[in-house]
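Per-entry structural report
Now for the letters of each chain:
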Amino acid sequence: MGDQRFDVAIIGGGYSGLWAAYYLKTQAPDCSVCILEAEHCGFGASGRNGGWMMSALQGEQRFHRAPGGVDGAAVRHHVLGILPEVERVLAAEGLACDYVRGGGLFAAARYPEQLDWQRAHLATLHALGYGEEDYHWLDGAGLAARLAIARPLGAIYTPHVARIQPARLALGLAATAARLGVRIFEQTPVIADSGGTLTTPGGSVTAPVRVLAVEGFNSRFADYRRRVLPVQSRIIATEPLSAGQWQEIGLSGAEVFADASPVITYGQRSADDRLVFGARGAYRFGGLPRSRFDGDPGAFHQVRALLLACLPQLQDVAITHAWGGTLGIPRSGSPHAVLDPVTGFASLGGYTGEGVGAANLMARSLVDLILERDTGLSSMPWCQRLPMRKALRRWEPEPLRWLGFRAISSILGWQEAACAAGAAPWKRRLLGLTGNRRSIPGDRD
Ligand SMILES: Cc1cc2nc3c(=O)[nH]c(=O)nc-3n(C[C@H](O)[C@H](O)[C@H](O)COP(=O)(O)OP(=O)(O)OC[C@H]3O[C@@H](n4cnc5c(N)ncnc54)[C@H](O)[C@@H]3O)c2cc1C
């Protein structure tokens, strides 16, 4: 590649980097933009996730409590605008990614505590100002009518979730960005960043604005490494199911679903009629990302066991695919779009495993910061014009990070096992004191 100059250089070709490049090029066509991607576009979480695209932000509650007060209606407006904006771009650019906005079911389906957790989540969402039309309660019969889940106790339903094929979106965005004039350098890892120049093994790029969009792949970036914790999540996919099997299971509207488990589950009916199901939770000492998961069959057995606990009718169905990936959990608990106006160093991410939709909003926000546009986004509480070290909190040093993660995931595992096995009420209550609740939009506090 030699030594090159661009107005904006983006590190990472996942949704964050690709959306940022797309909006830079569509809003400022004269701006020269490149993406430097270590592997290939979509190699990270963006090409291998569970395909839930949500008009939601993890940790949204924190934004409503931002110092100096915040316009809650504006926050909700921008958050709920994610899917409509993505739909606009998909149509305008002719991007196909099996997108169906079938909504999401956050079910209580295996033990009674899940019912309390989900009801508490719904109350939290309504307290943030979301209405019944955004999130409403389905009783057991209402849930069963949509999904034949093991014990349909009840569920939150939201229309603000779409099902996608994740890799198709990443590849389509990359092709669109390239067509608009973004230079994409694949197999080009950034190995150093100094004085406005990014160094790669085959040359360098100098740019007044450099954007870090690597989410959980941050071990190479000293300043960012401790601000987002790389955590692994694993997914399995069944063989394609017959029309008769789907008639029994449901999801006829392509709804995505999760059950209120402390281990964070997520499922979808894919466009080719597979049941795709995942569960979160592993951390490598030192915060190393992980992209290969062969040789780890035990972890996939756990995911399958959770799937069968939800949908026992899949007992004899073959699992044909199993994979995993690395997501990022920020110390602050909520995503960010940050630009240091002095050095020109920027970053976006921190999605806590919910970046498929959120990356679009953070990219638009960051582009407004870079182009100094005022569309209302740059004054949102996730935007900061600060050096990263001031904008983003750091996780504890090792071994505290590793020990803390192990301790919390063990407690959540015990809690899950005790509740699922119907342990004595005092034991369930005791483990429930960890305060864990199922991840749904806006809830993480
Ligand atoms: C298994 C799994 C399931 C998930 N399911 C969902 C879901 O259903 N819904 C949802 O909302 N979210 C989900 N997520 C999270 C979501 O996929 C991510 O939040 C989102 O894709 C992050 O996009 P990104 O572009 O910020 O990061 P990534 O997609 O991880 O992209 C980072 C890119 O940076 C590149 N890179 C790394 N280091 C360098 C370097 N030194 N130089 C150049 N390039 C570099 C990587 O190769 C990678 O391509 C899931 C994540 C995983 C792992």
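Residues numbered from 1 in each chain as written. Predicted model: local features only at pLDDT ≥ 70, side-chain atom pairs only at ≥ 80, totals over all residues. Heavy atoms only, no water.

1. Concerning the side chain of Thr158
Among the structural elements, Thr158 can be located in strand β7 (residues 154–158). A polar contact is formed between the side chain of Thr158 and the backbone nitrogen of His160, at a distance of 3.0 Å. (Helix = DSSP H or I, 4+ residues; strand = E, 2+ residues; numbered from the N terminus. Polar contact = N/O pair within 3.5 Å; in protein donor to acceptor, adjacent residues only side chain to side chain.)

2. Some thoughts on the sheet that holds strand β3 (residues 33–36)
Pairing is mixed across the open sheet formed by seven strands, whose spatial order is β9-β3-β2-β13-β20-β19-β21. A strand with exactly one partner marks an edge of an open sheet, and here the two such strands are β9 (183–185) and β21 (383–384). Sheet topology note: the strand β2 (residues 8–11)/β3 ladder contains four bridges and is parallel. When the bridges of β3 are listed, Ile11 appears paired with Leu36. Helix α11 (residues 355–371) rests against β2, β13 (209–212), β19 (336–339), β20 (345–349) and β21 of the sheet, and its axis sits at about 20° to β19. (Pairing = 2+ DSSP bridges. Contact = heavy atoms within 4.5 Å. Axes fitted to C-alpha atoms, helices over the stretch in contact; angles between N-to-C directions.)

3. Some points on the packing of aromatic side chains
The tally for this structure, following the rule as stated, stands at twelve aromatic pairs. Note on Phe6 and Phe185: the rings are 6.3 Å apart at their centroids and 75° apart in plane angle, and the pair reads as edge-to-face. In this pair, Phe6 is assigned in the loop between β1 (2–5) and β2 and Phe185 in strand β9, connecting sequence segments 179 residues apart. Neither Phe6 nor Phe185 differs from the other in exposure class; each is buried. Geometrically, the ring pair formed by Tyr283 and Phe405 is tilted, given 5.6 Å between the ring centres and 35° between the ring planes. Here Tyr283, found in the loop between β17 (275–280) and α10 (297–310), pairs with Phe405, found in helix α13 (residues 400–420); they are 122 residues apart in sequence, far enough to count as distant. Among the aromatic residues, ring-to-ring pairing joins Trp19, Tyr22 and Tyr23 into one connected group. Above the ring of Phe43, the side-chain terminus of Arg48 is found at 5.1 Å from the ring centroid. It is Arg146 that lies over the ring of Tyr157; its NZ or CZ is 4.2 Å from the centre. (Phe/Tyr/Trp six-rings, centres within 6.5 Å; stacked < 30°, edge-to-face > 60°. Buried < 20%, exposed > 50% of the residue type's maximum accessible area, 1.4 Å probe, protein only. Lys NZ or Arg CZ within 6 Å of the ring centre and 35° of its normal.)

4. Concerning the side chain of Asn360
By secondary structure assignment, the location of Asn360 is in helix α11. Only 2.9 Å separates the side chain of Asn360 from the side chain of Tyr23, close enough to count as a polar contact. Discounting chain neighbours no more than four positions away, the residues touching Asn360 are Trp19, Tyr23, Glu85 and Val86.

5. Structural notes on helix α1 (residues 15–27)
Its 13 residues place the ends of α1 18 Å apart at the C-alpha level, agreeing with the 18 Å of an ideal helix rising 1.5 Å per residue. Of all the 13 residues making up α1, eleven are buried; the element is thus mostly covered by neighbouring parts of the structure. Among all positions in α1, only Tyr15, Ser16, Gly17, Leu18, Trp19, Ala20, Ala21, Tyr22, Tyr23, Leu24 and Lys25 are buried. Considering only its buried residues, α1 is in contact with β2, β3, α4 (82–93), α7 (166–179), β20 and α11. (Expected span 1.5 Å × (residues − 1).)

6. Let's talk about the environment of Asn360
By relative accessible area, which is 0% here, Asn360 ends up buried. Sequence separation between Asn360 and Glu85 is 275 residues, and the spatial gap between their C-alpha atoms is 8.4 Å.

7. Examining the site of the ligand
Close to the ligand lie 37 residues; Ser16, Glu37, Ser46, Gly50 and Trp52 are nearest. Within the backbone of Gly51, one N or O atom sits 3.3 Å away from an oxygen atom of the ligand. Contact between the ligand and Val356: an oxygen atom at 2.9 Å from a main-chain N or O atom of the residue. Contact with the protein chains removes 98% of the 1000 Å² of surface that the ligand exposes when unbound. For the shell around the ligand, the secondary structure elements donating two or more residues are α1, β14 (228–238), β18 (319–330) and α11. The residue inventory of the shell around the ligand, partitioned by class, reads 17 nonpolar, 15 polar and five charged. Mapped onto the domain boundaries, the shell around the ligand takes at least three residues apiece from domain 1 (2–96 + 165–227 + 332–391) and domain 2 (104–158 + 229–330 + 400–432). (Near = heavy atom within 4 Å. Areas by Shrake-Rupley, 256 points an atom, 1.4 Å probe, with all protein chains shown as cover. Nonpolar A, V, L, I, M, F, W, Y, C, P; charged D, E, K, R; others polar. Domains from an automatic or database assignment.)

8. Looking at the pairing of strand β5 (residues 104–108)
Most of β5 sits inside the fold, with five of its five residues counted as buried. Where burial is concerned, the two faces of β5 agree: the one with Gly104, Phe106 and Ala108 and the one with Leu105 and Ala107 are both buried. Pairing of β5 with β7, which is carried by five bridges, proceeds in the antiparallel orientation. Along β7, the bridge assignment pairs Leu105 with Tyr157. Here β5 runs beside strand β15 (residues 256–259); their pairing, made up of four bridges, is parallel. Along β15, the bridge assignment pairs Ala107 with Asp259.

9. Considerations on the pattern of salt bridges
Using the criterion set out here, one finds 15 salt bridges in the structure. A salt bridge links Glu416 to Arg110; the nearest nitrogen and oxygen atoms lie 2.7 Å apart. With a gap of 306 residues between them, Glu416 in helix α13 and Arg110 in the loop between β5 and α5 (113–127) connect regions that are remote in the sequence. Judged on exposure class, the residue Glu416 and its partner Arg110 are both buried. Among the salt bridges present, the one from Asp368 reaches Arg373, with a minimum N-O distance of 3.1 Å. (Salt bridge = Lys/Arg side-chain N within 4 Å of Asp/Glu carboxyl O.)

10. Some thoughts on the sheet that holds strand β12 (residues 203–206)
With mixed pairing, the four strands of this open sheet are ordered in space as β1-β12-β11-β10. A single partner strand is all that each edge strand has here, and the edge strands are β1 and β10 (192–194). Each strand axis lies, on average, 15° off the axis of its neighbour in the sheet, ignoring direction.

11. So, the domain arrangement of the protein chain
Each assigned domain of the protein chain is listed with its residue range as follows: domain 1 (2–96 + 165–227 + 332–391) and domain 2 (104–158 + 229–330 + 400–432). Listed by partner, the interface residues are 30 residues for domain 1 and 30 residues for domain 2. Ranking the residues of domain 1 by area buried against domain 2 places Arg48, Trp52 and Thr352 at the top, with a combined share of 28%. Counting across the domain 1 and domain 2 interface gives zero salt bridges. The interface formed by domain 1 and domain 2 holds twelve residue pairs in polar contact (both at pLDDT 80 or more) in total. Sorting the residues of the side of domain 1 that touches domain 2 by element identifies α2 (60–64) and α3 (72–80) as the ones contributing at least two each. (Buried area = accessible area lost by both parts, 1.4 Å probe.)

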